[in-house]
Amino acid sequence: MQQEQERAYFARELHDDIGQQLIALRAQIDSLQNPQLKQIQEGLLQVIESTRNLSRIMHPTILFDLGLERALAWLNRQLLQPTGVRLQSRYDVTIKLPNAVSLLLFRVAQESFVNILKHSQANQVDTKIIETSQGIALKIKDDGIGFDAKAVARGIGLQSLKDRALACGATLNIKSKPQSGCEISLLLPYQQLSELADL
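Heads up: these notes are all about the structure in this document.

**Let's talk about the overall build of the protein**
Item 1. Broken down by element type, the protein carries eight helices and five strands.
Item 2. The order of helices and strands in the protein, counted from the N terminus, is α-α-α-α-β-α-β-β-α-α-β-β-α.
Item 3. In the protein, which comprises 199 residues, the proportion classed as buried is 41%.

**Here's the deal with the pairing of strand E1 (residues 86-92)**
Item 1. Judged from the seven bridges that link them, E1 and strand E2 (residues 124-131) form a sheet pairing that is parallel. Counterpart to Arg-90 in the pairing with E2 is Lys-128.

**Let's talk about the sheet that holds strand E3 (residues 135-142)**
Item 1. Pairing is mixed in the open sheet, where five strands are placed in the order E1-E2-E3-E5-E4. Of all strands in the sheet, those with a lone pairing partner are E1 and strand E4 (171-176), marking the two edges. Recorded for the sheet is a direction-independent mean angle of 10 degrees between the axes of neighbouring strands.
Item 2. Relative to strand E5 (residues 182-189), E4 runs antiparallel, the two being bridged by six bridges.

**A short note on the environment of Leu-188**
Item 1. Locating Leu-188 in the fold gives a position in strand E5.
Item 2. On the basis of relative accessibility, which here comes to 1%, the residue Leu-188 falls in the buried class.
Item 3. Along the primary structure Leu-188 and Thr-132 are separated by 56 residues, whereas in three dimensions their C-alpha atoms are 9.8 Å apart.

**Looking at helix H5 (residues 99-120)**
Item 1. Compared with an ideal rise of 1.5 Å per residue, which puts 22 residues at 32 Å, H5 spans 30 Å between its outermost C-alpha atoms and is within 8% of the ideal.
Item 2. Counting buried positions along H5 yields 16 of 22 residues, so the element is predominantly enclosed.

**Quick notes on the nonpolar core**
Item 1. Of all hydrophobic cores here, the largest spans 41 residues; its most connected members are Leu-105 and Leu-186.
Item 2. With 10 residues, the single largest contributor to this core is H5.
Item 3. Once you skip the residues sitting within four places of it in the chain, Leu-105 turns out to touch Leu-68, Leu-97, Ile-129, Ile-136, Leu-138 and Leu-186.

**Observations concerning unusual backbone geometry**
Item 1. Despite not being glycine, Gln-121 has its phi angle at roughly 60 degrees, a positive value.
Item 2. Classification of Gln-121 as exposed rests on a relative accessible area of 63%.

**Considerations on the pattern of salt bridges**
Item 1. For the structure on display, the rule yields two salt bridges.
Item 2. In this structure, Arg-90 and Asp-92 form a salt bridge, with 3.5 Å as the shortest nitrogen-oxygen distance.
Item 3. The exposure class assigned to Arg-90 is partly exposed, which follows from its relative accessible area of 42%.
Item 4. Classification of Asp-92 as partly exposed rests on a relative accessible area of 38%.

**Describing the packing of helix H4 (residues 68-80) against H5**
Item 1. Axis separation between H4 and H5 bottoms out at 11 Å; the angle between their running directions is 20 degrees. By the angle between their axes, H4 is roughly parallel relative to H5. Seen along the crossing, H4 lies across H5 with a hand that is right-handed. Residues Leu-68, Ala-71, Leu-72, Trp-74, Leu-75, Leu-79 and Leu-80 of H4 touch H5, and the partners they reach there are Ser-102, Leu-105, Phe-106, Ala-109, Gln-110, Phe-113, Val-114 and Leu-117.

**Observations regarding the side chain of Ser-185**
Item 1. The residue Ser-185 is located in strand E5 in this model.
Item 2. Residue classification places Ser-185 among the buried positions, given a relative accessible area of 14%.
Item 3. In this structure the side chain of Ser-185 is engaged in a polar contact, spanning 3.3 Å, whose partner is the side chain of Glu-183.
Item 4. If we ignore the near neighbours within four places in the chain, the residues touching Ser-185 are Leu-138, Lys-139, Thr-171, Leu-172 and Asn-173.

Calculation rules
Residues numbered from 1 in each chain as written. Predicted model: local features only at pLDDT ≥ 70, side-chain atom pairs only at ≥ 80, totals over all residues. Heavy atoms only, no water. Helix = DSSP H or I, 4+ residues; strand = E, 2+ residues; numbered from the N terminus. Buried < 20%, exposed > 50% of the residue type's maximum accessible area, 1.4 Å probe, protein only. Pairing = 2+ DSSP bridges. Axes fitted to C-alpha atoms, helices over the stretch in contact; angles between N-to-C directions. Expected span 1.5 Å × (residues − 1). Core = buried A, V, L, I, M, F, W, Y, C linked by side-chain atoms within 4.5 Å. Contact = heavy atoms within 4.5 Å. Salt bridge = Lys/Arg side-chain N within 4 Å of Asp/Glu carboxyl O. Parallel < 35°, antiparallel > 145°, perpendicular 65-115°, else oblique. Left-handed = near helix turned anticlockwise from the far one by under 90°. Polar contact = N/O pair within 3.5 Å; in protein donor to acceptor, adjacent residues only side chain to side chain.

Right, here's the structure in full:
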C-alpha cells in the first residue's frame, strides 16, 4: 500500500504541477498568435496529453470513479489498441470488490499488458475476471511467442506480479512455453475480500 501512496503522490504532482505549467505555457504560446509556433503548439499538446495519461496510469482514479471493468477498458485503449493487439474481455463479477482488490486486479492486468507488448509479439489477448467457487479469478492469456516459464520466472516484472498477489493473500500462476503463448492466473479467496476491505 505504501507503493500505491507514493504513486498517488507522484501522479498528483504530474497533474497539478507539471501539467499546470504545461497548460500555462500553452496559453502563452497561443496568445502570441504566430503561425510559425503551430508545430510547437501541437507538440506541447502531445506532451500535455502524455503527462495526463502517465498520471492516470500511476494512480488510476478512473478505477475508483467508474469501476474495474471500465478501468480495464481504458487500459486497453491506452496500451493494447494503439499497437493493434486485440483484447477479448469478460467481466462477470456481481459482488462489490473492495478498492484494494480492484487495484490488485488492475495492476496485475497493467503489468501483464506491458509485458505482452514488450515480449510476446501477440495479436490477441483474452482477459476474464469471474467469480468461482474458491474466489475471484483473473486470467490473462495471449497468443504470443511464449517463453520458458522456468527460465524467466524470476524476472522483475513477473516477480513483481507474484509479490503483489502474495501481499493480498492471492495466488498467481504463470504458464507458458515457447511458441504457445502465456497464461497468467490469479485467484483471490473470498475470505481475503473482507480483510482487504479495511485497507
